[in-house]
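Coordinates in review
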Amino acid sequence: MLKEMLDNVREKCPLVHNITNYVTVNDCANILLACGGSPIMADDVDEAEEITAICGGLNINIGTLNQRTIPAMHLAGKKANELGHPAVLDPVGAGASNLRTKTAKDLIEGIKFTVIRGNISEIKTLALGTGGAKGVDADVADKVTKENLPQAVAFAKEFAKKTGAVIAITGAIDIVADGEKAFCIYNGHPMMSTITGTGCQLSAMTAAYVTANPETPLEATAAAVCAMGICGEKAHARLTEQDGNSSYRNYIIDAIFNLNGEELERCAKYEIF
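Overview of the structure. (Residues numbered from 1 in each chain as written. Predicted model: local features only at pLDDT ≥ 70, side-chain atom pairs only at ≥ 80, totals over all residues. Heavy atoms only, no water.)

A few words on the overall build of the protein chain. When its secondary structure is counted, the protein chain shows 11 helices and 9 strands. Taking 2.2 N^0.38 as the reference for a compact globule, 273 residues should give roughly 19 Å; the C-alpha atoms of the protein chain span a radius of gyration of 17 Å, in line with that estimate. When the backbone C-alpha atoms are referred to their principal axes, the protein chain occupies close to 45 × 40 × 35 Å. Burial status across the protein chain gives 55% buried among its 273 residues. Taking the contacts inside the protein chain whose residues are at least 6 apart along the sequence as the reference set, 73% of them involve residues at least 24 apart. Summed over all atoms, the accessible surface of the protein chain reaches about 11300 Å², with 51% contributed by carbon and sulfur. (Helix = DSSP H or I, 4+ residues; strand = E, 2+ residues; numbered from the N terminus. Rg over C-alpha atoms; globule rule 2.2 N^0.38 Å. Buried < 20%, exposed > 50% of the residue type's maximum accessible area, 1.4 Å probe, protein only. Contact = heavy atoms within 4.5 Å. Areas by Shrake-Rupley, 256 points an atom, 1.4 Å probe, with all protein chains shown as cover.)

Below is the structure:
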């Protein structure tokens, strides 16, 4: 199943419109190219709908939120819905400020998202209003562990039912859920948290996967999350004593570029709940 998801991305080369943040925009473009997709970045209100119309999918990321781009996000999202294109939301820092929280909630109310991907604190803020965001990072108090995994899975499924979206909660243990089924994914490496933008990259790549596999958004999202985790592991194994987080970021992109479907199937570590 995972192999098919990746093979479809390579075969179809989906064009993804990204309204993303300027901290990680270059990495998002490169991860899309590496996985087999094609990126376009356009956040001006005068072209948001037009660019969305020529793309197969949409990725909205609120990481460097400002009043100029919020209307463009809404226009792009509504155009994607009108055309039946998949749309991904990355609610970066929801819970850290009123503007971020309100914007993310307004986007969810006004747009039907295929996938909502964030850390546990961001998702809890959107679902319950009680997430403990630490800037744009998850609060340690919200951490998903083996002990609280059943409760976290139930929470993800419930929020998926409420929104109609696949919910991807990423962290030490990743949860990808719709209203009925959840993948709990154990790939990845702790060093991934030392790089600004692995989450942003994953959201962009997820948009490519669900665009190339529109009939199976849950499995496509799980495949993207497994791929990112596997490549985090591969990149870490490549590090030398002289390498640091900058090299690690580049090695992750290299690993995504070189990943094939057979390796994705073989190395993915997950349970289904």
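A word on the pattern of salt bridges. Throughout the structure, instances matching the rule amount to 11 salt bridges. Of the charged contacts in the structure, one is a salt bridge between Arg117 and Asp90, with a shortest N-O distance of 3.0 Å. Within this pair, whereas Arg117 is found in strand S5 (residues 115–118), its partner Asp90 is found in strand S4 (residues 87–90), the two being separated by 27 residues in sequence. Taken as a pair, Arg117 and Asp90 share a single burial class, namely buried. Salt-bridge contacts for Glu271 lead to Lys146; the nearest nitrogen and oxygen are separated by 3.8 Å. Note that Glu271 is positioned in strand S9 (residues 270–272) and Lys146 in the loop between helix H6 (120–128) and helix H7 (149–163), a separation of 125 residues in sequence. A relative accessible area of 51% places Lys146 in the exposed class. Overlapping salt bridges, with partners in common, bring together Lys3, Asp7 and Glu262 in one network. (Salt bridge = Lys/Arg side-chain N within 4 Å of Asp/Glu carboxyl O.)

A few words on the environment of Cys200. Counting through the fold element by element, Cys200 comes out in helix H8 (residues 198–212). Judged by its relative accessible area of 9%, Cys200 falls in the buried class. Separated by 137 residues in sequence, Cys200 and Gly63 place their C-alpha atoms 8.5 Å apart. Leaving out residues up to four positions away in the same chain, Cys200 has contacts with Asn21, Thr24, Cys28, Asn61, Asp90 and Arg117.

The next subject is the sheet that holds strand S6 (residues 166–169). For sheets, the rule is that strands pair by backbone hydrogen bonds, running either parallel or antiparallel. Here 9 strands make up an open sheet; going across it, the order is S2-S1-S3-S4-S5-S6-S7-S8-S9 and the pairing mixed. Among the strands making up the open sheet, the edge pair consists of strand S2 (38–41) and S9. Averaged over all pairs of adjacent strands, the angle between their axes in this sheet comes to 15°, without regard to strand direction. Here 4 bridges tie strand S1 (residues 15–19) to S2, and the two strands are oriented parallel to one another. When the bridges of S2 are listed, His17 appears paired with Ile40. Its contacts with the sheet place helix H2 (residues 25–35) against S1 and S2, and it is angled at close to 155° to S2. Sitting on the sheet, helix H4 (residues 70–83) touches S1 and strand S3 (57–61), and the angle it makes with S3 is about 155°. (Pairing = 2+ DSSP bridges. Axes fitted to C-alpha atoms, helices over the stretch in contact; angles between N-to-C directions.)

Bringing the layout of surface pockets into the picture now. A volume near 200 Å³ is recorded for the second largest pocket. Residue lining of the second largest pocket: 15 residues in total, with Gly84, His85, Pro86, Thr114 and Pro214 positioned closest to the centre. The set of elements that each furnish at least two residues to the lining of the second largest pocket consists of H4 and H8. (1 Å grid on protein atoms, 1.4 Å probe; cavity = no way out; pocket = protein on both sides within 12 Å on 5 of 7 lines; lining within 4 Å. Points joined across faces, edges and corners; volume = space filled by probe spheres on them.)

Here the focus is the environment of Met5. Relative to the elements of secondary structure, Met5 occurs in helix H1 (residues 2–12). Considered as a pair, Met5 and Thr196 are 191 residues apart in the sequence and their alpha carbons are 26 Å apart. With sequence-adjacent residues up to four places away left out, Met5 is seen in contact with Tyr209, Asn213, Thr216, Glu219, Ala220 and Ala223.

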